Amino acid sequence: MESEPKDVIVLGSIRRGKKKFSDIQNETKISPEEINLILEELENRKFIKVEESKGWFGKKIELKITDEGSDELDKKITQIQSRWEEMLSLYESGDKQKLQQKMEENKSFLPSMMFFGLMDMMMFSMMFSMMGIGMSDYVSQENMPNDGGMDDGGMDDGGMDDGGFDFDIGF
């Protein structure tokens, strides 16, 4: 699967249990047109299968990952993990120039690293700090986790944009 990392993200979403087009689109934040093309390619490569059944409201279509697709996804995740470990090693060595070069080489894989939780967001931000550049130069805002990589137990409200506090005291 010599592909765009978005293919890997869509395949990962399906393996996580997203069976409907809309669920995959909501989780991945990829445009519907692009997801459609990716799904066609994944089906052509026999990484997913489309299952149709009858439901209460007509035809029901579900997407499922095949064994071949799951094996390919495991390989890709291992490769992406290896890329993260290389960047981490360069950060720990203090070689800013090589780190920046490696991050540039892996720019397209950063969203995949985030999607699969392979990178430590705190460490990632420290890498940018060490190089004196902003994360937005490498990762688009739509791919940035709202919570800085921290699990907020599903309470993602986008933060306190007004800089104040919001207390509900029950009145």
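A. Fine view of the pairing of strand β1 (residues 48-55). In terms of strand pairing, β1 meets strand β2 (residues 58-65) through eight bridges, oriented antiparallel. In the sheet register, E52 faces β2, and the bridge partner there is I61. Counting the residues that bridge the hairpin from β1 to β2 gives two residues.

B. Local environment of the pattern of salt bridges. This structure, assessed with the given rule, holds 12 salt bridges. A salt bridge links E27 to R16; the shortest N-O distance between them is 3.1 Å. With a gap of 11 residues between them, E27 in helix α2 (residues 21-28) and R16 in the loop between α1 (5-15) and α2 connect regions that are remote in the sequence. Among the residues examined, E27 registers a relative accessible area of 25% and is labelled partly exposed. Look at R16 and you get partly exposed, because its relative accessible area is 45%. Residue K60 pairs with E62 through a salt bridge whose shortest N-O separation is 3.5 Å. On the accessibility criterion, K60 (37% relative accessible area) is partly exposed. Three or more residues are tied together by salt bridges with common partners; here these are K49, E51 and K64.

C. Up close: helix α5 (residues 96-105). Of the residues making up α5, those classed as buried are L99, K102 and M103. On an axial view of α5, the arc spanned by its buried residues comes to 100 degrees, and they lie on one face. Next to the buried residues of α5 lie α4 (67-93) and α7 (121-131).

Quick notes on the rules
- Residues numbered from 1 in each chain as written.
- Predicted model: local features only at pLDDT ≥ 70, side-chain atom pairs only at ≥ 80, totals over all residues.
- Heavy atoms only, no water.
- Pairing = 2+ DSSP bridges.
- Helix = DSSP H or I, 4+ residues; strand = E, 2+ residues; numbered from the N terminus.
- Salt bridge = Lys/Arg side-chain N within 4 Å of Asp/Glu carboxyl O.
- Buried < 20%, exposed > 50% of the residue type's maximum accessible area, 1.4 Å probe, protein only.
- Arc of directions from axis to C-beta.
- Contact = heavy atoms within 4.5 Å.

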